[in-house]
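Summary of the model geometry
Here is what each chain is made of, one letter per residue.
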Amino acid sequence: MTESDYKQTENTGESRIHRILIRILLVVISLESGYLLYSGQWVPFILGCLVIISLISPILFRSQLQIEIPAEFHLAAVFFILAALYFGEIQKFYQRIWWWDIVLHTTAGLLMGILGFLLVYILNETDRVKMHLEPGFVAFFAFLFAISIGTFWEIFEFTIDQLFGTTMQKPMFNDPSGLTDTMWDMIVNAGGALVISLSGWWYLKTNQDFFVMNWIKKFINRNPSLFKK
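Residues numbered from 1 in each chain as written. Predicted model: local features only at pLDDT ≥ 70, side-chain atom pairs only at ≥ 80, totals over all residues. Heavy atoms only, no water.

**Here's the deal with the overall build of the protein**
What the protein contains, in helices and strands, is 8 helices and 0 strands. When the helices and strands of the protein are placed in sequence order, the string is α-α-α-α-α-α-α-α. Across the 229 residues in the protein, those meeting the buried criterion constitute 38%. The contacts of the protein with a sequence gap of at least 6 include a subset with a gap of at least 24, amounting to 66%. Of the roughly 13900 Å² that the protein leaves accessible, carbon and sulfur atoms contribute 68%. (Helix = DSSP H or I, 4+ residues; strand = E, 2+ residues; numbered from the N terminus. Buried < 20%, exposed > 50% of the residue type's maximum accessible area, 1.4 Å probe, protein only. Contact = heavy atoms within 4.5 Å. Areas by Shrake-Rupley, 256 points an atom, 1.4 Å probe, with all protein chains shown as cover.)

Below is the structure:
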């Protein structure tokens, strides 16, 4: 078996596992959303619909934008959205497990750092954009990107709480205003982003192993039309 045959077999197996997991999750979340609609739980129902959209997003990207999303990117996003919306909000894990919110915001910093690194790295590599960025700037951009997304999310939580009387900003340490929750969310988000940014900078300086690079290379290989190289 040649190397290309092995890679094709590996990708086929990866795609099969990916499809099975997504179909199982679609069935489970669809049934749960149907129950929420029947029982008139409108906010959890809307959150369930958002989870369903995240599950079918690769189909939307493929058909509308002609972009192939690697399984690792999709599954990472799906599991995070499941943890935040389905388990966190619908199943009340935020109230049941005190550290659930902290872990999720740390993970969000990691994921947004990866996305920021992916965006600027691809721009740096493609011949369509004439630019050559130093490793320090690439890492700094990834860090600021993650911080910006985290900040916008805190604004979103505050806005929803003010408009609809929800508790997306969780009271912590006897602080009913939610300010302590917001600050801890931003701190751990920055910590996760910093880990990814420093890891990316180290890779670009030393060419050492960095798991994100495997994801980026898969994205490039799956979408050759986006690149001239």
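**Quick word on the packing of helix 6 (residues 135–164) against helix 7 (residues 179–206)**
Contact pair helix 6 / helix 7: the axes reach a minimum separation of 8 Å and the direction vectors enclose 160 degrees. One finds that helix 6 runs roughly antiparallel with respect to helix 7. In the packing of helix 6 onto helix 7, the handedness of the crossing is right-handed. Mapping the contact onto sequence places Pro135, Gly136, Val138, Ala139, Ala142, Phe143, Ala146, Ile147, Gly150, Thr151, Glu154 and Glu157 in helix 6 and Asp181, Thr182, Asp185, Met186, Asn189, Ala190, Ala193, Leu194, Ser197, Trp201, Leu204 and Lys205 in helix 7. Here the contact of helix 6 with helix 7 is built from residues that sort into 13 nonpolar, 6 polar and 5 charged. (Axes fitted to C-alpha atoms, helices over the stretch in contact; angles between N-to-C directions. Parallel < 35°, antiparallel > 145°, perpendicular 65-115°, else oblique. Left-handed = near helix turned anticlockwise from the far one by under 90°. Nonpolar A, V, L, I, M, F, W, Y, C, P; charged D, E, K, R; others polar.)

**Some words on the environment of lysine 205**
For lysine 205, the position within the fold is in helix 7. Judged by its relative accessible area of 53%, lysine 205 falls in the exposed class.

**Considering the confidence of the model for the protein**
Scored by pLDDT, the protein has a mean of 79; 83% of the residues are at 70 or more. Throughout residues 1–10 the model reports pLDDT below 50, and contacts reaching past four residues in sequence, or to other chains, amount to 2 contacts. (pLDDT = per-residue confidence, 0-100.)

**Remarks on the nonpolar core**
Formed by 18 residues in total, the largest nonpolar core has its most connected members in Phe73, Ile114, Phe117, Met213 and Ile216. Of all elements in the fold, only helix 5 (100–125), helix 6, helix 7 and helix 8 (211–222) reach the threshold of two or more residues within this core. With 6 residues, the single largest contributor to this core is helix 5. With residues up to four places along the chain from it excluded, the contact list for methionine 213 reads Phe117, Tyr121 and Tyr203. Residues Ile29, Ile52, Leu55 and Leu82 belong to the second largest nonpolar core, which totals 14 residues. (Core = buried A, V, L, I, M, F, W, Y, C linked by side-chain atoms within 4.5 Å.)

**What to know about helix 6**
Across its 30 residues, helix 6 extends 44 Å between first and last C-alpha, which sits within 8% of the 44 Å expected from 1.5 Å per residue. For helix 6, the full list of buried residues reads Pro135, Val138, Ala139, Ala142, Ala146, Gly150, Glu154, Glu157, Ile160 and Asp161. At the exit of helix 6 stands glycine 165, carrying a positive phi of roughly 70 degrees. (Expected span 1.5 Å × (residues − 1).)

**As for the environment of glycine 192**
Examined against the element boundaries, glycine 192 turns out to sit in helix 7. Under the relative-accessibility criterion, glycine 192 is labelled buried at 1%.

**Brief notes about helix 7**
Taking 1.5 Å as the rise per residue, helix 7 with 28 residues should run 40 Å; its terminal C-alpha atoms sit 41 Å apart, in good agreement. Among all positions of helix 7, only Asp181, Thr182, Asp185, Val188, Asn189, Ala190, Gly192, Ala193, Ile196, Ser197, Gly200 and Tyr203 are buried. Trailing helix 7 by a residue or two, asparagine 207 shows a phi angle of about 65 degrees, which is positive.

**Remarks on the side chain of asparagine 189**
Inspection of the secondary structure puts asparagine 189 in helix 7. Within polar-contact distance, the side chain of asparagine 189 engages the backbone oxygen of alanine 146 at 3.3 Å. With near-sequence residues (within four places) excluded, asparagine 189 lies in contact with His105, Ala108, Gly109, Ala146, Ile147 and Gly150. (Polar contact = N/O pair within 3.5 Å; in protein donor to acceptor, adjacent residues only side chain to side chain.)

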